[in-house]
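# Report on the structure
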Amino acid sequence: MASQSANQRSGESAKRRGNESAQRLDASFRPRRRLWRRHQSLLYALHPDRLPAASLRFTYTFGLGGLAFLAALIAIGTGVLLAFYYVPTPDQAHASVVLIEDVVAWGSLVRALHYWSAQVAVVAATLHMARVVFTGAYARPRRFNWLIGLGLLVLLLLWDFSGYVLRWDEGAYWALLVGAALIQQIPFVGPSLYLALVGDTTVGAAALLRFSVWHIIGLTLVVGFGVAYHLFRLQVDGGISRPPRPPGQPRLLASKDDLIRVEAIATLIAVSGLIALAALAPAPLGPAADLTQPPADVRAPWIFLWVQRLLRWIDPVWAGVALPALLLLFLAALPWFDAHARAGLWFHPRQRAAHTAFLLLALALVALSLWEALS
Amino acid sequence: MPATPTIETGEPSPPLDAAVGRRALLRWGIGGGLGIALAAALRAAWRFLMPPLPTSRPAPVAVPAAASLPVGGRLYVAEARAFVLRDEAGFYALSAICTHLGCLVQASGPGYACACHGSRFDAGGAPLGGPAPRPLPALAIAWNKEGQLMVDPGRSAEPDARLRLQRG
Amino acid sequence: MSGQQRLLASGLLLLLLTLALAGWRASQAPWRQWLRRYNAAHPEQTVPIAPRPLTPTLTGQTELCTTCHLGIEEISPSHPLDAFGCVICHGGDGLALDADRAHATLRGGRNPSDLSVVATSCGQANCHSGYDATHADQNQVERVLRSLQATYAGGIALVRFTFGAQPDRRARYAVRAVADPNPPPDWPMELATMPFSAEEDIPPTLVGQGIAVSHHPIDTRFRQGCLDGGCHLWEPATLAPYRMRSTGCAACHYLYADDGLYAGGDLTIARDEPGHGREHRLTTAIPFSQCNHCHNRGVYSLRTMEFHDRPDLPPAGSPLSEFLSRQERRLAEYYQPVGPFTLCEWELDCIDCHTSDEAMGNGHIAGKIEDSRVIECRTCHGTVWELPQTAPIVEEGERALLQARLNGRGALKVGDRVVVTTRGEKLWAVREVAPGRFVQTLKVSGETLEVPLAYGTNCPQKPDEQESRYCHACHAYDRDRGTVAAP
């Protein structure tokens, strides 16, 4: 009797944990071998106990946030490997990158993987942001997490740009010069901000060193804490947003195991895709920067092509500082403007205004970037 | 029967809002103190990032074979990032650093063009089109003791100043 | 297997496949393919498929050029690979194993001796430039830049004078402007760049360089018809058989075959693509065939500003038979069919008579061919009344001794007497072996020839008629009879 009640209790608690073995607590129970020990696994502990099955549906979120996270992790891992050979001084930076690219065994692949995972992270993060907008997933109580996510996107772009600078090839040096000149134009704080970033009155060795520290350590730490908080906050706010349950339908839950399994499959596919991409397309590298010759290749990194296009027409303070700041402000304020949003379905008519504004903005940026890229 | 204890006071007890006021004062005080400490720490961090040592000025650069530059000719001196030109009145130097955002301009026809954002300048350095706001600055040039022409990228000169050819 | 487990397994399989793809792509890197090709061509001495580092002693910087360029000839015994490497002359990125990246910063493309970059490659410190007046002959870079073969000064002056663009035949212009701070009396101090006829004729790349505009119609026509076509060392010649050559120093010192094909050991150089030198080697033993890639190939018409190839020689005529001996070919190619010439003028190579100062200039700006041409018949043969002028080899490290050692044929040592020109340049190859006996060592073949002297003969020459045309009167070679009138 006691054992039976104990069985029942364990069965209930097992059910509560959403454990699939709960279904097997009958005479035909056979213990299955597991790949991990649940109660001693960090990975297991970091995942929610159970979550709505609708959140796991691929066509709902497309796994974009997870893809961005995975890509960033791969970038960090490959970045550590690259740091064994990279030298952050102006006369050795480009040569060390050439060494990695051409001479070090598997160097080209590691560098390509680093480059592509970083670009995929930026793209996936942006698309993830779009998905959040289009599903209204920034509705209360997730508005603060939306700001965290926006901050992460900005940090990702800075991470991407600082990594681009470290090549110290022609495009990188002139992009850095123009970017620093833009910073200097900001009223009041511009000159000191320029000194803090560049470390000298002109862009040179000090700037390269500072950017390498930011890229390798500084931004990594900030992004790390930011991502941790973003995920924690997500759990606290109620998990991945999902469509509201029609009344009368039972709650369909997925277990921790299901989530981890889905993540494993997605990771394998994404990593395979990244490796294939890295194997087929090497990371770009221009000729070494010559500070005394005008640049032959004047294209800004792809994330800032639209800024370069605007800089041809508009005063630098507006094109380079004020407009991007306003853009950021608009995005940050979106959840408050879109007050009727409620997390759930794609393209809900309630959010028509917000979605239209967002799409128009996105199209404008893409159009400006393409125009600059093709001219 | 025991009497319900009453507070016997000569004066009324201190009002509740004064007690709250003390708490608020303490809270503000501690918060303010912490705020000041945080501000001081941030300022210290900011000053940490400011480069402490003055950087050296760019040094004057010798122009090779300046005397053989023909009248109407133009020579790019890479180390000084400047163009040295000669007209009938003499020699002068124009900085090749675009006044928009710092890219180097290229010679384009009689004038100059900057490939970064499309600024164009005429033969004397005045802006013709594109986003550059100011003309290319003239740089100080002089003959040194050995008879070489030296361009000083760190010092500017009057745009109309010309240096005559040294004889002997 | 459940559906999810199947997905997991296919995910793992996909990962393994992409890793295999990455491995395969890495093995297909071009530099690996070049090494494999080398191994296939040299099965008896294969090399590992790995980067081949070379750290030359002069620079101390590791280079990987010989990974792909394995098998290339060492450029010359004076420029050993162990000391120089490749990058010190050619530029480029020595650590890159990708062709585009390695070659992006090459000086002068394939030819670092191109006159536009020669000062930074051949003319680096302590090399072929930068010497003081006592060793001015070693400033080969300056000498060539001021020589007639680079400036074309005399030709330009003559053409412009003929068409009335300048009042006399004094040289004023060159292909590219040159200056000489210490010219001899009456020699030019500087030459400006050849002008254009009108402002709009100046191409965009040359605007703003102070090139004069003459408003005379001949200048642009002459530039376009002749100077751009390569009648000087700045421009490459036409890509036709027997006419192919490089530019700058390599125009003479880097030998080209008649068909312009590479026949050396570097597999990366296409062997069927005309326009490459025969081997990656520099030499001072320059045969007549190299000179004849420019000289003796035809006439130019001043009227049409065109060059007309000789109808009896390629490319206009039929190919020279490979059974023609060297002598027969030399004769067939020599000069124009009308001019007379003596036996030695076609039996010897050009450089057996014409000296270094003549061909490369003596460091001053020659304004006409008479300034450059110093050699005369009597330099080696003497006159009826005098033996040839000689001078002794005085010290080690003397110019003539260095030239002799560089050539490697014929021994020369301090104390030997050699023939000397009127300007004092010693001809190391023509030695007085015994009083009154002169022997010439040919610079290309190494043969020795006894020099016949005019001294003491009954040659009816006059002391003030010593130009070659007077000697041709009797000693000219008769093409029809195949004989010489007088020995």
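Residues numbered from 1 in each chain as written. Chains lettered and ligands numbered in written order. Predicted model: local features only at pLDDT ≥ 70, side-chain atom pairs only at ≥ 80, totals over all residues. Heavy atoms only, no water.

Of the regular secondary structure elements, chain C holds 19 helices and 12 strands. Taking the principal axes of its C-alpha atoms as reference, chain C extends roughly 115 × 60 × 50 Å. When burial is assessed residue by residue, chain C has 40% of its 487 residues classed as buried. Sequence-distant contacts in chain C: of pairs separated by 6 or more residues, those separated by 24 or more amount to 52%. Summing over all exposed atoms, chain C offers an accessible surface of approximately 25300 Å²; the carbon and sulfur share of this is 57%. For chain C, the centre of its 46 positive side-chain charges and the centre of its 57 negative side-chain charges are spaced 3 Å apart. (Helix = DSSP H or I, 4+ residues; strand = E, 2+ residues; numbered from the N terminus. Buried < 20%, exposed > 50% of the residue type's maximum accessible area, 1.4 Å probe, protein only. Contact = heavy atoms within 4.5 Å. Areas by Shrake-Rupley, 256 points an atom, 1.4 Å probe, with all protein chains shown as cover. Lys, Arg positive; Asp, Glu negative; His and termini not counted. Charge placed at Lys NZ, Arg CZ, Asp CG, Glu CD.)

On the side of chain C, 23 residues touch chain A, which itself brings 23 residues to the contact. For the chain A and chain C pair, buried surface summed over both sides reaches about 2000 Å², with 74% attributable to carbon and sulfur atoms. Its largest share of buried area at the contact with chain C, chain A owes to Asp 102, Ile 265 and Leu 268 of chain A, together 28% of the area lost on that side. Here chain A and chain C share 1 salt bridge between them. With a closest N to O distance of 3.1 Å, Arg 101 of chain C and Asp 102 of chain A form a salt bridge. Our enumeration of links across chain A and chain C arrives at 6 residue pairs in polar contact (both at pLDDT 80 or more). With 13 residues, helix α11 (residues 256-280) of chain A is the single largest residue contributor to the side of chain A that touches chain C. (Buried area = accessible area lost by both parts, 1.4 Å probe. Salt bridge = Lys/Arg side-chain N within 4 Å of Asp/Glu carboxyl O. Polar contact = N/O pair within 3.5 Å; in protein donor to acceptor, adjacent residues only side chain to side chain.)

Right, let's get into the sheet that holds strand β1 (residues 61-63) of chain B. Residues and elements named next belong to chain B. Taken in spatial order, the 6 strands of this open sheet run β1-β10-β9-β4-β3-β2, and their pairing is antiparallel. The open sheet is flanked by β1 and β2 (74-77), the only strands paired with a single partner. The average angle at which neighbouring strand axes cross in this sheet is 35°, direction not considered. Examined bridge by bridge, strand β4 (residues 90-95) and strand β9 (residues 138-143) share 2 bridges and lie antiparallel to one another. Across the sheet, the residue bridging to Leu 94 is Ala 138, located in β9. (Pairing = 2+ DSSP bridges. Axes fitted to C-alpha atoms, helices over the stretch in contact; angles between N-to-C directions.)

For the bond running from Arg 140 of chain A to Pro 141 of chain A, omega is 0°, close enough to zero to count as cis. Examined against the element boundaries, Pro 141 of chain A turns out to sit in the loop between α6 (107-134) and α7 (143-166). Residue Asp 186 of chain C is not a glycine yet carries a positive backbone phi of 70°. The residue Asp 186 of chain C is located in the loop between β2 (178-179) and β3 (190-193) in this model. Judged by its relative accessible area of 82%, Asp 186 of chain C falls in the exposed class. For His 215 of chain C, which is not glycine, the phi torsion reads 60° and is therefore positive. Take His 215 of chain C: it is sitting in the loop between β3 and α10 (218-227).

Okay, the environment of Cys 344 of chain C next. Residues and elements named next belong to chain C. Relative to the helices and strands, Cys 344 resides in helix α14 (residues 343-347). According to the relative accessible area criterion, Cys 344 is partly exposed, its value standing at 29%. Note: C-alpha distance between Cys 344 and Gly 230 (114 residues apart in sequence) is 29 Å.

The next point concerns the state of the cysteines. Overall, the coordinates contain 1 disulfide over all chains when judged by the stated rule. Between the sulfur atoms of Cys 103 of chain B and its disulfide partner Cys 116 of chain B the distance amounts to 2.0 Å. Between Cys 103 of chain B and Cys 116 of chain B, the S-S dihedral sits near -90°, and the bridge is therefore left-handed. Here the residue Cys 103 of chain B occupies a position in the loop between β4 and β5 (106-108), and Cys 116 of chain B occupies one in the loop between β6 (111-113) and β7 (120-121), the gap between them amounting to 13 residues. As a non-bridged cysteine, Cys 350 of chain C has Cys 291 of chain C as the owner of its nearest cysteine sulfur, 3.6 Å distant. (Disulfide = S-S within 2.5 Å.)

This paragraph deals with the packing of aromatic side chains. One pass over the full model with this rule turns up 20 aromatic pairs over all chains. Taken together, a centroid distance of 5.1 Å and an interplanar angle of 75° make the contact between Tyr 115 of chain A and Trp 116 of chain A edge-to-face. Accessibility expressed as a relative area gives 22% for Trp 116 of chain A, which makes it partly exposed. Judged by centre distance (5.6 Å) and plane angle (90°), the ring pair of Phe 134 of chain A and Phe 358 of chain A falls under edge-to-face. You can see Phe 134 of chain A sitting in helix α6 and its partner Phe 358 of chain A sitting in helix α14 (residues 352-374), a full 224 residues away along the chain. Residue classification places Phe 358 of chain A among the buried residues on the basis of a relative accessible area of 7%. An aromatic cluster is defined as three or more aromatic residues linked by ring pairs; in this entry it consists of Phe 58, Phe 62, Phe 134, Trp 346, Phe 347 and Phe 358 of chain A. It is Arg 162 of chain B that lies over the ring of Tyr 92 of chain B; its NZ or CZ is 3.7 Å from the centre. Over the ring of Phe 196 of chain C we find Arg 223 of chain C, and its NZ or CZ is 4.1 Å from the ring centre. (Phe/Tyr/Trp six-rings, centres within 6.5 Å; stacked < 30°, edge-to-face > 60°. Lys NZ or Arg CZ within 6 Å of the ring centre and 35° of its normal.)

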